[in-house]
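A closer look at the structure
Residue-level listing of the chains:
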Amino acid sequence: MTDKPVEKKATITLDAANRDRQYPAYQLSINAMDGETSGHGYRLMGPKYVGRSRNLRTVELSQRDADEIRAILDEVFPTEVAVNCADVELENGENLHCLGVGNDLDLDRQTAGMQPGTWRLTAYGDDDTACMRRLSDREVQAARSAEAFARMNT
């Protein structure tokens, strides 16, 4: 007998995080659900879960919802941008032309339209531009782990 694959869905949930009627506390989260009861999520606002919350409303997101949310997030926090190489100064005083394709750049402040974080140079353009892709926290952690592992084995 083969197991039927579990259908994944995304939800946004509003919970009452306490029972105080005069000063209620609410929690809003976005969740990736595997079936009806298991999954993981991210708290967008409100206090941490304390075990006494009560679900007030759960809304399942559609593909259209996901596309619209992703468009807004990409507008404010782009994951890939084309920047003029001369607009980004590296620690050694050089610009992006000195950074090889596939190398990472850690930014501690907004620079040339890129938010603080770790960015990877993915390609050079013909017009003195570079294509930069922001790495997720998971990608950064995986790269650091791989680098540490490589240092231990050399």
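Along each chain, residues carry numbers from 1 onward, in the same order as the chain's sequence is written. Predicted model: local features are reported for residues with pLDDT of at least 70 only, side-chain atom pairs are reported and counted for 80 or more only, and whole-chain, interface and lining totals are derived from all residues. To get the side-chain values, all heavy atoms of the structure are used, and hydrogens and water are removed first.

**Quick notes on the pattern of salt bridges**
Just to be clear on terms, a salt bridge is a Lys or Arg side-chain nitrogen sitting within 4 Å of an Asp or Glu carboxyl oxygen. Counted under the stated rule, the structure contains 6 salt bridges. Put simply, Arg120 and Asp104 hold a salt bridge, and the shortest N to O gap is 2.7 Å. Linking Arg120 in strand β7 (residues 117-124) with Asp104 in strand β6 (residues 104-107), this pair joins segments that are 16 residues apart in sequence. By relative accessible area, Arg120 is classed as partly exposed at 24%. For Asp104, a relative accessible area of 33% corresponds to the partly exposed category. Arg151 is the partner of Glu147 in a salt bridge, and the nearest nitrogen-oxygen pair spans 3.1 Å. Secondary structure elements are taken from DSSP: a helix is a run of H or I of four residues or more, a strand is a run of E of two residues or more, and numbering for both begins at the N terminus. Note on exposure labels: buried denotes an accessible area under 20% of the residue type's maximum, exposed denotes more than 50%, and partly exposed covers the range between, all computed with a 1.4 Å probe on protein chains only.

**Re the state of the cysteines**
We call a pair of cysteine sulfur atoms a disulfide when they lie within 2.5 Å. Applying the stated criterion across every chain yields a total of 0 disulfides. Its sulfur unpaired, Cys85 is 9.8 Å from the next cysteine sulfur, which belongs to Cys98. Relative accessible area serves as the criterion here: at 0%, Cys85 is assigned to the buried category. With no disulfide of its own, Cys131 lies closest to Cys85 among cysteine sulfurs, the gap being 11 Å.

**Topic: the sheet that holds strand β5 (residues 80-84)**
For two strands to pair, DSSP has to find at least two bridges joining them. In spatial order, the strands read β5-β8-β7-β6; together these 4 strands make up an open sheet with antiparallel pairing. In this open sheet, the two strands that pair with only one neighbour each are β5 and β6. For this sheet, the mean angle separating the axes of adjacent strands, direction not counted, is 35°. Bridge count between β6 and β7: 4 bridges; the pairing is antiparallel. Paired with Leu105 across the two strands is Trp119, which belongs to β7. Only C-alpha atoms enter the line fits that serve as axes; for helices the fit covers just the stretch in contact. Angles between N-to-C directions range over 0 to 180 degrees.

**Topic: the nonpolar core**
Buried residues of nine kinds, namely Ala, Val, Leu, Ile, Met, Phe, Trp, Tyr and Cys, make up a nonpolar core once their side-chain atoms join them within 4.5 Å. Core analysis: the largest hydrophobic core is formed by 14 residues, its most contacted members being Val83, Leu96, Leu105, Met114 and Met132. Pairs of residues are marked as contacts when any of their non-hydrogen atoms sit within 4.5 Å. Once you skip the residues sitting within four places of it in the chain, Leu105 turns out to touch Val88, Leu90, Leu96, Leu99, Gly117, Thr118, Trp119 and Met132.

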